[in-house]
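Structure at a glance
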Amino acid sequence: LQGPDPIGRDAVCPRDGRPGCAMVDVLQRVHRRQCTHFLSWAWSYSVSLVRSAIRSWMDQSKLTPSSTFLYMCFFVNNQYR
């Protein structure tokens, strides 16, 4: 959401028709499914910490990425509103 070309900035939001949408709105359909797990997090966590924690949890739980879909407010909240 920062930098010269933030994700979703120029995409039209399907809910209000205005520019700027949630990350989930710009993901290809293959990457969007009904959520299988809820992930609580805080903005103070680094991306690398979140990635490594998810990877460890998935490995320990023997989950496959192709069938694991997380609800994470970061992806579904429209950060432009």
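For the structure, check the block above.
On a predicted model such as this, the values are computed, not experimentally measured, just so you know. (Residues numbered from 1 in each chain as written. Predicted model: local features only at pLDDT ≥ 70, side-chain atom pairs only at ≥ 80, totals over all residues. Heavy atoms only, no water.)

This paragraph deals with the nonpolar core. Counting residues in hydrophobic clusters, the biggest one holds seven residues: M23, W41, V50, I54, M58, M72 and F74. The biggest single contributor to this core is helix α2 (residues 47–61), with three residues. Aside from chain neighbours lying at most four places away, what touches I54 is L39 and L70. (Core = buried A, V, L, I, M, F, W, Y, C linked by side-chain atoms within 4.5 Å. Buried < 20%, exposed > 50% of the residue type's maximum accessible area, 1.4 Å probe, protein only. Helix = DSSP H or I, 4+ residues; strand = E, 2+ residues; numbered from the N terminus. Contact = heavy atoms within 4.5 Å.)

Taken as a whole and assessed by the stated rule, the structure comprises five salt bridges. One salt bridge connects R9 with D5, and the closest N-O pair in it is separated by 4.0 Å. Across the pair D16 and R81 runs a salt bridge whose closest N-O atoms are separated by 2.7 Å. Within this pair, whereas D16 is found in the segment before α1 (23–26), its partner R81 is found in the segment after α3 (73–76), the two being separated by 65 residues in sequence. One network of salt bridges, in which partners are shared, links D5, R9 and D10. (Salt bridge = Lys/Arg side-chain N within 4 Å of Asp/Glu carboxyl O.)

Bringing the packing of aromatic side chains into the picture now. Counting across every chain of the model gives five aromatic pairs. Seen in terms of ring centroids, F38 and Y71 are 5.7 Å apart; in terms of plane orientation they differ by 15°. Their pairing is stacked. Here F38 is found in strand β1 (residues 37–38), whereas its partner Y71 is found in strand β2 (residues 70–71), with 33 residues between them in sequence. With a relative accessible area of 61%, F38 lands in the exposed category. Ring geometry for F74 and F75: centres 5.2 Å apart, planes at 80°, overall edge-to-face. Three or more aromatic residues joined by ring pairs form one cluster here, namely W41, W43, F74 and F75. (Phe/Tyr/Trp six-rings, centres within 6.5 Å; stacked < 30°, edge-to-face > 60°.)

Its 15 residues place the ends of α2 21 Å apart at the C-alpha level, agreeing with the 21 Å of an ideal helix rising 1.5 Å per residue. Buried-residue contacts for α2 involve β2. Taken from the residues just after α2, K62 is the one with a positive phi, measuring 55°. (Expected span 1.5 Å × (residues − 1).)

Attention now moves to the side chain of T68. Here T68 is to be found in the loop between α2 and β2. Here the side chain of T68 touches T64 through a polar contact of 2.7 Å, landing on its backbone oxygen. With residues up to four places along the chain from it excluded, the contact list for T68 reads T36, H37, W57, M58 and L63. (Polar contact = N/O pair within 3.5 Å; in protein donor to acceptor, adjacent residues only side chain to side chain.)

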